[in-house]
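# Fold and contact review
Single-letter residue listing:
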Amino acid sequence: MDPDVPGTPGAPAELEAALHGARALILADLTATDVTDAGIVSLVEDTVAQRRWWVEQWPDGAAFVAGLVAQDVKDALLERMGRWPLCPRCADPHALDVEPELGPDPHWVCESLGEAVAPVGSLGAALGGAR
């Protein structure tokens with residue numbers, strides 16, 4: 001096996017840690033919003049696999065992979081089930097955005113209010129505790 005390919009023996013630990021961390025964060029947010037059937041979990045797995053290639057090509061981007069995975073899952077869910085995650089602060093149903101688009105420390109942001117609602121992976125706290 002190729003030691004330079006993440007997911008194989010000898011792969012750079014920081015890249016795998018970033019990918020597994022991104023997976024855990026988005027699964028936490030999906031769980032907090034009761035969106036975790038087997039198909040959704042498979043969608044997350046596919047997204048992480050696709051981002052594995054990206055982070056292999058740009059290892060310095062490992063810090064950005066959580067926000068990218070969150071945005072990829074959000075986009076895929078729009079096609080599959082509609083807007084996600086919905087803003088818990090506004091009466092009108094609208095989806096939260098991920099910011100920064102490409103940067104570390106991604107947050108779910110309400111564009112209507114112009115404020116961060118929760119870090120990616122912490123929607124449960126913004127919704128009043130894990131659901």
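Read on for a plain summary of the structure. (Residues numbered from 1 in each chain as written. Predicted model: local features only at pLDDT ≥ 70, side-chain atom pairs only at ≥ 80, totals over all residues. Heavy atoms only, no water.)

### Re the sheet that holds strand S3 (residues 115-119)
To keep things clear, this is the line we draw: Two strands qualify as a pair provided DSSP detects at least 2 bridges between them. A run of DSSP states H or I qualifies as a helix once it reaches four residues; a run of E qualifies as a strand once it reaches two. Both are numbered from the N-terminal end. Angles shown run from 0 to 180 degrees and are taken between the N-to-C directions of axes, each axis being a line fitted to C-alpha atoms and, for helices, limited to the stretch in contact.
With antiparallel pairing, the 3 strands of this open sheet are ordered in space as S1-S2-S3. Taken across any chain shown, the strands that pair with only one partner, and hence form the sheet edges, are strand S1 (97-99) and S3. Taking the axes of each pair of neighbouring strands and ignoring which way they run, one obtains an average angle of 45° across the sheet. Pairing geometry for S1 and strand S2 (residues 107-110), over 3 bridges, is antiparallel.

### Brief notes about unusual backbone geometry
To keep things clear, this is the line we draw: Type-normalised accessible area, obtained with a 1.4 Å probe on protein chains alone, sets the label of each residue: buried when under 20%, exposed when over 50%, and partly exposed for intermediate values.
With an omega of -15°, the peptide bond between Trp-84 and Pro-85 qualifies as cis. Mapped onto the secondary structure, Pro-85 falls in the loop between helix H3 (65-80) and S1. A cis amide bond links Glu-99 with the next residue in sequence, Pro-100, at an omega value of -5°. Along the polypeptide, Pro-100 turns up in the loop between S1 and S2. We note that Asp-34 has phi near 55°; this positive angle belongs to a residue other than glycine. Relative to the assigned elements, Asp-34 resides in the loop between helix H1 (13-32) and helix H2 (38-57). Its relative accessible area of 55% is what places Asp-34 among the exposed residues. We note that Asp-105 has phi near 55°; this positive angle belongs to a residue other than glycine. Within the fold, Asp-105 resides in the loop between S1 and S2.

Interpretation in functional terms is not warranted from these geometric data alone.
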